[in-house]
Amino acid sequence: MKYDTLRETDPTVAEFLKAERVRQDDTLAMIASENHVSESVMEAQSSELTNNYAEGYPGERYYGGCEYADEIEQLAIDRAKELWGADHVNVQPHSGSQANMGVYLAMLEPGDKILSLDLTHGGHLSHGHPANFAGQVYDVEQYEIDPETGYVDYEGLHETAEKFEPDIIVSGYSAYPREVNFERIQATADAVDAYHIADIAHITGLVAASVHESPVGVADFVTGSTHKTIRAGRGGIIMCGEEYIADVDSAVFPGAQGGPAMHNIAGKAVGFGEALDPSFDEYAEQTVANAKALGDRLQEHGLDLVSGGTDTHLVLVDLRPSHPDTTGKEVETTLEGAGIVLNANTVPGETRSPFNPSGIRIGTPALTTRGFDEEACREVADLIYDVIDAPEYEAVMADVSARVNELTDEYPLYN
Ligand SMILES: *Cc1c(COP(=O)(O)O)cnc(C)c1O
């Protein structure tokens, strides 16, 4: 049994871990950044490599005892190169945020200029929000989503870039349902002589499976998280061309981090290996098909989707047109009570506070891992709608909970 040793030595923690396992099994994880990694990835992440200090890079470590760490990190690198077609990959960033930090440290001086998408329009904290170090150390200007179309305002981005003259333009987002036109943003970066980071944290898996355009070979730097759609060990990754290898590697270590989390790098190697199997391409395609089916169904119920639909693994619902008195936070809380876990999200042109915004973000990566198809996702859309629209919460909630239980039994998570 899992956690047998832990149950003897620390039953309190063991109980919580078991409860978390049951929670994941019994609920529908629809937070768009989440996924369920395989048991193999989890085994790698809980391996003895957690004990190893491997400061440095394969073949050039500061300590002894790294022969297997070298093999594993090199495997993770080689598999990542194959997956995304990059010249160089650094697999050491502890998270996607640290990956972005690595590129900033490599290419910018304090006070240099970053142009990125506004957080409330779907950007990420690490793209220069004032609460994040990037917003404190660098001079940040932001571009936006076109309120009419729900797509990135590429023209506005270009105009802002000409005026602001950024050193780096950041593309890639946390709550954007549409395919990103990386080439168009690269053209702007070229026009104003800026570097371009494409942060594909959310869509790593979609890019690897070629269901989303790839920025590799287009943008100067590609960063990402490794635990979202790519479904590997938790952490971050940086890809770049040959000319930036030395700067990027020394910015990650020793610039931003100490020893790499070798157990997580083992989890990255295993997850990347799984993603190289042709079945992963089917998974990524199904993830997008499921998001489309879910979005279509929500629209049939009269809900408003930002941009009118999706090309990716997520939909962003703007509740204001259909349910002006309902907030995203209320929906998030009520749905969680019924076993559907998603998050309240700001929408472009937000009129409420970020803590109680007007939208919800709904993702399909984790459900697709469990085996959900379009039909099952349409049913989940019905359940979500029922809760959003329920005038009598209690009766509807009981129904929705019962249906979620049936679905989670029908699509079990781990055996
Ligand atoms: C998730 C995310 C990140 C990184 O998140 P971590 O939690 O630090 O791994 C970076 N950029 C974007 C756009 C993201 O969505």
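Residues numbered from 1 in each chain as written. Predicted model: local features only at pLDDT ≥ 70, side-chain atom pairs only at ≥ 80, totals over all residues. Heavy atoms only, no water.

*Asks:* Run through helix H4 (residues 67-84), naming residues and quoting values.
*Replies:* Between its terminal C-alpha atoms H4 stretches 26 Å, which fits the 26 Å expected from 18 residues at 1.5 Å a residue. Buried within H4 we find Ala69, Asp70, Glu73, Ala76, Ile77, Ala80, Leu83 and Trp84. Along the axis of H4, the buried residues cluster in a sector spanning 165°; they form a single face. Residues of H4 that are exposed and angled more than 90 degrees away from the buried face: Tyr68, Glu71 and Glu82. Turning to H4, the residues buried within the fold contact strand S2 (56-57), strand S3 (60-61), strand S4 (88-90), helix H9 (204-208), strand S10 (236-240) and helix H11 (262-276). Downstream of H4 by a residue or two, Gly85 has a phi angle that is positive, lying close to 70°. (Helix = DSSP H or I, 4+ residues; strand = E, 2+ residues; numbered from the N terminus. Expected span 1.5 Å × (residues − 1). Buried < 20%, exposed > 50% of the residue type's maximum accessible area, 1.4 Å probe, protein only. Arc of directions from axis to C-beta. Contact = heavy atoms within 4.5 Å.)

*Asks:* Describe unusual backbone geometry, listing the residues and the values that go with them.
*Replies:* Backbone torsion omega between Phe253 and Pro254 reads 5°, so that peptide bond is classified as cis. As for its position among the elements, Pro254 is in helix H10 (residues 245-256). A positive phi angle is found at Arg231, which is not glycine, with a value near 65°. For Arg231, the position within the fold is in the loop between strand S9 (221-225) and S10. Note on Arg231: relative accessible area 17%, which makes it buried.

*Asks:* Run through the environment of Asp118, naming residues and quoting values.
*Replies:* Mapped onto the secondary structure, Asp118 falls in the loop between strand S5 (113-117) and helix H6 (133-137). Asp118 sits in the buried class, given a relative accessible area of 19%. Through-space distance from the C-alpha of Asp118 to that of Ile360 is 17 Å; in sequence the pair is 242 residues apart. Apart from the residues lying within four places of it in its own chain, the contact partners of Asp118 are Gly123, Gln142 and Tyr143. A distance of 2.6 Å separates a polar atom in the side chain of Asp118 from a polar atom in the side chain of Thr120. (Polar contact = N/O pair within 3.5 Å; in protein donor to acceptor, adjacent residues only side chain to side chain.)

*Asks:* Which residues make up the sheet that holds S5, and what values go with them?
*Replies:* One open sheet holds the seven strands; their spatial order is S4-S10-S9-S8-S7-S5-S6, and the pairing between them is mixed. Each edge of the sheet is formed by a strand with only one pairing partner; in this case those strands are S4 and strand S6 (139-143). Across this sheet, the average inter-strand angle for adjacent strands is 20°, counted without regard to direction. Relative to S9, strand S8 (residues 195-199) is paired through three bridges, and the arrangement is parallel. Across the sheet, residue Asp199 finds its bridge partner in S9, namely Thr223. H4 contacts S4 and S10 of the sheet and is inclined by roughly 125° relative to S4. (Pairing = 2+ DSSP bridges. Axes fitted to C-alpha atoms, helices over the stretch in contact; angles between N-to-C directions.)

*Asks:* Got a sec to walk through the packing of aromatic side chains? Specific residues and values, please.
*Replies:* Scanning all chains against the criterion turns up 13 aromatic pairs. Consider the rings of Tyr53 and Tyr63, whose centres lie 5.8 Å apart with planes at 75°: the pair is edge-to-face. Residue Tyr53 is located in the loop between helix H3 (39-45) and S2, and its partner Tyr63 is located in the loop between S3 and H4; the two are separated by 10 residues in the primary sequence. Consider the rings of Phe133 and Tyr138, whose centres lie 6.3 Å apart with planes at 70°: the pair is edge-to-face. For Phe133, a relative accessible area of 24% gives the class partly exposed. Judged by its relative accessible area of 6%, Tyr138 falls in the buried class. Grouped by ring-pair contacts, the aromatic residues Tyr104, Phe133 and Tyr138 constitute a single cluster. A cation over a ring is seen here: Arg231 above Tyr283, with NZ or CZ 4.0 Å from the ring centre. (Phe/Tyr/Trp six-rings, centres within 6.5 Å; stacked < 30°, edge-to-face > 60°. Lys NZ or Arg CZ within 6 Å of the ring centre and 35° of its normal.)

*Asks:* Describe the environment of His196, and please don't skip the residues or the numbers.
*Replies:* Inspection of the secondary structure assignment puts His196 in strand S8. Of the residues examined, His196 reaches a relative accessible area of 0% and is grouped as buried. A sequence separation of 26 residues divides His196 from Val222, and the C-alpha atoms of the two residues are 8.5 Å apart. Beyond its immediate stretch of four places on either side in the chain, His196 contacts Ile169, Ser171, Phe182, Ile185, Gln186, Ala189, Ala219, Asp220 and Phe221. Among the polar contacts listed, one links the side chain of His196 to the side chain of Gln186, at a separation of 2.9 Å.

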